[in-house]
Amino acid sequence: PDIAVGDVLGSCVFNMFILAFLDVFYRPMPVSTKANQGHVLSAGFGILMLSIIALSLFAQSYVPAILWIGAYSLCTLFIYIIAMRLIFYYEKRQMSKYLEEIATETKYEDVTINNAVMHYGINAFFVIVAAAFLPGLGEGIAEMTGLGQTFVGNIFIAVSTSLPEVVVSIAAIRMGVIDLAVGNLFGSNIFNILILAIDDILFTRSPILSVANPHHIVSAIAAIAMAVIAIIGLTYRAERKPFYFMAWDSLGIATVYIVNLMLLYRMR
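The numbers attached to residues start from 1 for each chain and follow its sequence in the written order. The predicted origin of the model limits local features to residues at a pLDDT of at least 70 and limits the giving and counting of side-chain atom pairs to 80 or more, whereas totals for whole chains, interfaces and linings rest on all residues. Only hydrogens and water are removed before side-chain values are computed, so all heavy atoms of the structure are retained for them.

Draft legend 1. Highlighting the environment of Ile253. For the purposes of this entry, the term helix denotes a DSSP run of H or I that reaches at least four residues, the term strand denotes a run of E that reaches at least two, and both are numbered from the N terminus. Of note, Ile253 is situated in helix H11 (residues 248-266). Among the residues examined, Ile253 registers a relative accessible area of 1% and is labelled buried. Between the C-alpha atom of Ile253 and that of Ala227, which follows or precedes it by 26 residues, the distance is 8.1 Å. With near-sequence residues (within four places) excluded, Ile253 lies in contact with Met16, Phe17, Leu19, Ala20, Met226, Ile229 and Ala230. Accessible area is worked out with a 1.4 Å probe on protein chains only. A residue is then buried under 20% of its type maximum, exposed over 50%, and partly exposed in between. We call two residues in contact when some of their heavy atoms are within 4.5 Å.

Rendered as structure tokens:
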């Protein structure tokens, strides 16, 4: 359970670190300034879901359950459905405003839908196959190094499973599609919490967070803090980067990430 919970929460933290890291690749202005403010909606839902997980990790055995499924899993599943619905309708309204502009700037006309879906499916298949071996490898690393499953799950496994987000986000930045890069990261956080709910359903011994190491709350709080800083950046929209390569909000996110690593290492 510790590796599974650590992977989910560690991935949420690392996704926010990727958001800060993207500032290095995007020169004209801070990424948070160029990105659509609508990302605040998905960031807010991510914070809400992470808050439920953090509270449940703090309360642990006091959290009610239905059969073996923790109430937090049912809550996050319900919130995920609402989040997807609201984000969809928000983007639909936004798209209608810029429909004419989009129609005149259509790209990749030579790429068919079937071809795109096929390539997407093939790449997704290889990612899933590779990820299936990670839990066993992570458990071996935790035993051999003595770092513990909490630390290994939050750091090594989380970074490994988030590498696709790194590649996609950097490629999107270089292509100039900033919203795709930012949306990828905030959306990944929401989906990660959904995965934790699925893990809870499959873990039939007890609610998964009731037997997880309470130190995971550090990563949950760090992910919340980093998302809040990102929202501040998306709202304030600084015109330039004071450090040339990184904006204030990105520097704050990176600082929280480093502090999170230090705390997890000391508590290993």
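Draft legend 2. Region of the structure containing the packing of helix H3 (residues 39-59) against helix H9 (residues 178-202). Note on geometry: axes are lines fitted to C-alpha atoms, helical ones only across the stretch in contact, with angles between N-to-C directions running from 0 to 180 degrees. One way to put it is that H3 packs onto H9 with a least axis distance of 9 Å and a crossing angle of 25°. Of the possible angle classes, the one that applies to H3 and H9 is roughly parallel. Of the two elements, H3 crosses H9, and the hand of that crossing is left-handed. Here His39, Ser42, Ala43, Phe45, Gly46, Met49, Leu50 and Ile53 of H3 lie close against H9, whose contacting residues are Asp179, Val182, Gly183, Phe186, Ile190, Ile193, Leu194 and Leu196. Grouping the amino acids of the contact of H3 with H9 by side-chain chemistry returns 11 nonpolar, four polar and one charged. The cut-offs work like this: below 35 degrees is roughly parallel, past 145 is roughly antiparallel, 65 to 115 is roughly perpendicular, and the gaps in between are oblique. Helix crossings fall into two classes, left-handed where the near helix is turned counterclockwise from the far one by less than a right angle and right-handed where it is turned clockwise. For this scheme, ten residues count as nonpolar: Ala, Val, Leu, Ile, Met, Phe, Trp, Tyr, Cys and Pro. Four count as charged, namely Asp, Glu, Lys and Arg, and the remainder, Gly too, count as polar.

Draft legend 3. Highlighting helix H10 (residues 216-236). Given a helix with a known number of residues, its expected span is that number minus one, times 1.5 Å. Compared with the 30 Å implied by 1.5 Å per residue over 21 residues, the 31 Å span of H10 between its first and last C-alpha is a close match. Residue Arg237 follows H10 closely and has a positive phi angle near 55°.

Draft legend 4. A look at a nonpolar patch on the surface. The residues that make up patches have over 30% relative accessible area and no salt bridge, and they are joined within 9 Å when like-charged or within 5 Å when they are Val, Leu, Ile, Met, Phe, Trp or Tyr. Surface accessibility follows the Shrake-Rupley procedure with a 1.4 Å probe radius. Residue values consider only the protein chains on display as shielding. Just to be clear on terms, a salt bridge is a Lys or Arg side-chain nitrogen sitting within 4 Å of an Asp or Glu carboxyl oxygen. Residues Met118, Ile122, Phe125, Phe126 and Val129 make up a contiguous nonpolar surface patch of roughly 500 Å² in combined accessible area. With respect to the helices and strands, Phe125 occurs in helix H6 (residues 113-132).

Draft legend 5. Highlighting the nonpolar core. As used in this record, nonpolar core signifies buried Ala, Val, Leu, Ile, Met, Phe, Trp, Tyr and Cys residues forming a set joined through side-chain atoms within 4.5 Å. Grouped together as the largest cluster of nonpolar side chains are 57 residues, with contacts concentrated most on Leu9, Leu22, Ile53, Phe186, Ile193 and Leu209. At the level of secondary structure, the elements contributing two or more residues to this core comprise helix H1 (2-25), H3, helix H4 (71-97), helix H8 (149-175), H9, H10 and H11. Counting residues per element, this core draws most heavily on H1, at 11 residues. Ignoring anything within four residues of it in the chain, the contact list for Ile53 reads Leu9, Tyr72, Thr76, Ile193, Leu196 and Leu209.

Draft legend 6. Structural context of the pattern of salt bridges. Considering all chains together, one arrives at one salt bridge under this definition. The closest approach of N and O atoms between Lys241 and Asp23, which form a salt bridge, is 3.9 Å. Residue Lys241 is found in the loop between H10 and H11, and its partner Asp23 is found in helix H1; the two are separated by 218 residues along the sequence. Of the two residues examined, Lys241 and Asp23, each falls in the buried class.

Draft legend 7. Here's a closer look at the packing of H1 against H10. The contact between H1 and H10 brings their axes to 9 Å, and the two run at 25°. One way to sum up the angle between H1 and H10 is to call them roughly parallel. As H1 packs across H10, the resulting crossing turns out to be left-handed. Of the residues in H10, those touching H1 at Asp2, Val5, Gly6, Leu9, Cys12, Val13, Met16, Phe17 and Leu19 are His216, Ser219, Ala220, Ala222, Ala223, Met226, Ala227 and Ala230.

Draft legend 8. Region of the structure containing H1. The terminal C-alpha atoms of H1 lie 34 Å apart, and with 24 residues this matches the ideal 34 Å at 1.5 Å per residue to within 8%. When you tally the buried positions in H1, you get 19 out of 24 residues, the bulk of the element.

Draft legend 9. How the structure looks around the packing of aromatic side chains. Here a pair means two rings of Phe, Tyr or Trp (six-membered ring of Trp) with centres within 6.5 Å. Their orientation is stacked below 30 degrees between planes, edge-to-face above 60, and tilted elsewhere. Applying the stated rule across the entire model yields six aromatic pairs. Between Phe14 and Phe17 the ring centres are 6.0 Å apart and the planes differ by 35°, which places this aromatic pair in the tilted class. Of the two residues, Phe14 and Phe17 both sit in helix H1, three residues apart, roughly one turn of that helix. The exposure class assigned to Phe14 is buried, which follows from its relative accessible area of 11%. Given the relative accessible area of 23%, Phe17 is considered partly exposed. Pairwise contacts between aromatic rings join Phe14, Phe17 and Tyr257 into one cluster.

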